[in-house]
Amino acid sequence: MSGKAVEMPVVASRGALRPLQWLAAALGLLAIGLNYLPMIWLALMSFSADPMSGVPGGWTTQWYAALVENQSWVGPLLASLAMGFAVGLACTAAGLIVARSAPSLTVRSRGRLIGTLLFPLLVPGVLLGAGLFIYLRVFLQLKLGWWSIFIAHFVWAYAFSLLALLITSSRYDHRLSEAAADLGAGPWEAFRDVELPFLLPGIVSAGLFGFLFSFSELSRSIFLRGGKTTLPIFEWIEASAHQSSIPLIFALSTLELTVSGLIVVGAFWLLFARQR
């Protein structure tokens, strides 16, 4: 009897949790749908004869053929790829330095440093772009160009890269490096053979964050482009200036999604293949 008295409330509590579990599952599926269905719909519309109708149909590849004929988008695409890789490398390198140094600071100093570096997450993109434009162009009288776009992308993407590295480095036991030093390993050998394999998932994530946020960035780049054109800027200009070019944007955006997806899949495949 005493066993039954203990078990009945447990069964009742599990039954009470089922509606919450169904609600959590429904909200999760809704979030997944809101993220992926627009991308799938965009890809379908890129093969539609009349993409402006919003309803796929009349399947055709004419918009991709038009992209092959008019290759004015190739230059902005290559520029975005180069900028994305540069920002990804810079975010990873700078984030790795901070993430490895943070544990040696006091709790208060570490909190202030991380809070300062993560503050751009709270600043709207248009506000940050306008602020950088006023400071660099109006106040310092500097000529804007690729370097100013790089700064805008770096400031935006660095916070996400740093978060990925902080999560990984906070779980690292520094006694492993001390043990490697006791066994005769130098600082570089200890980092390469002991610490780097542990931090590798965070490093890959940081690089991906830097690349992807830079590759698709628009709101800050508009203010700091200085006449230069990345792929998002090119799409924005074409969509706003030429009504006839809008269908091409569907095909170009699908290619952009494909490039980003292949890079992400390739990076994670290499990461997990190496771990196996």
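This text goes with the structure placed above it.
These numbers come from a predicted model, not from an experiment.

Trainee: Can you help me understand the overall build of the protein in this one?
Mentor: From N to C terminus, the protein includes eleven helices and zero strands. Relative to the globule expectation of 19 Å for 276 residues, the C-alpha radius of gyration of the protein, 24 Å, shows a markedly less compact shape. Here the C-alpha coordinates of the protein stretch approximately 75 × 60 × 40 Å along the principal axes. The buried share among the 276 residues of the protein stands at 34%. Restricting to contacts in the protein with at least 6 residues of sequence separation, those with at least 24 account for 72%. Accessible surface, the protein: about 16500 Å² in total, of which carbon and sulfur atoms supply 71%.

Trainee: What exactly am I supposed to notice about the nonpolar core here?
Mentor: Soluble globular proteins: nonpolar side chains tend toward being buried together. The biggest cluster of nonpolar side chains holds 20 residues, and the ones touching the most others in it are Leu96, Leu162, Leu165 and Leu166. Broken down by secondary-structure element, the contributors of at least two residues to this core are helix H3 (74-101), helix H4 (107-118), helix H6 (146-169) and helix H8 (187-215). Considering every element that reaches this core, the biggest residue donor is H6, with seven residues. Apart from the residues lying within four places of it in its own chain, the contact partners of Leu96 are Leu165, Phe191, Leu199 and Ile203. Counting residues in each nonpolar core, the second largest holds 13 residues, with Trp63, Tyr64, Leu77 and Phe211 among its members.

Trainee: In this structure, what is going on with the packing of H4 against H6? I would like to understand it.
Mentor: Packed helix pairs are specified by the crossing angle of their axes together with the interaxial distance, meaning the distance between the axes. Taken N-terminus to C-terminus, the directions of H4 and H6 make an angle of 140°; their axes are 9 Å apart at the nearest point. On the basis of their axis angle, the class for H4 and H6 is oblique. Here Ile114, Leu117 and Leu118 of H4 come into contact with H6, specifically with Tyr158, Ala159, Leu162, Leu163 and Leu166. Across the contact of H4 with H6, the residue classes tally to eight nonpolar, no polar and no charged.

Thresholds applied
- Residues numbered from 1 in each chain as written.
- Predicted model: local features only at pLDDT ≥ 70, side-chain atom pairs only at ≥ 80, totals over all residues.
- Heavy atoms only, no water.
- Helix = DSSP H or I, 4+ residues; strand = E, 2+ residues; numbered from the N terminus.
- Rg over C-alpha atoms; globule rule 2.2 N^0.38 Å.
- Buried < 20%, exposed > 50% of the residue type's maximum accessible area, 1.4 Å probe, protein only.
- Contact = heavy atoms within 4.5 Å.
- Areas by Shrake-Rupley, 256 points an atom, 1.4 Å probe, with all protein chains shown as cover.
- Core = buried A, V, L, I, M, F, W, Y, C linked by side-chain atoms within 4.5 Å.
- Axes fitted to C-alpha atoms, helices over the stretch in contact; angles between N-to-C directions.
- Parallel < 35°, antiparallel > 145°, perpendicular 65-115°, else oblique.
- Nonpolar A, V, L, I, M, F, W, Y, C, P; charged D, E, K, R; others polar.

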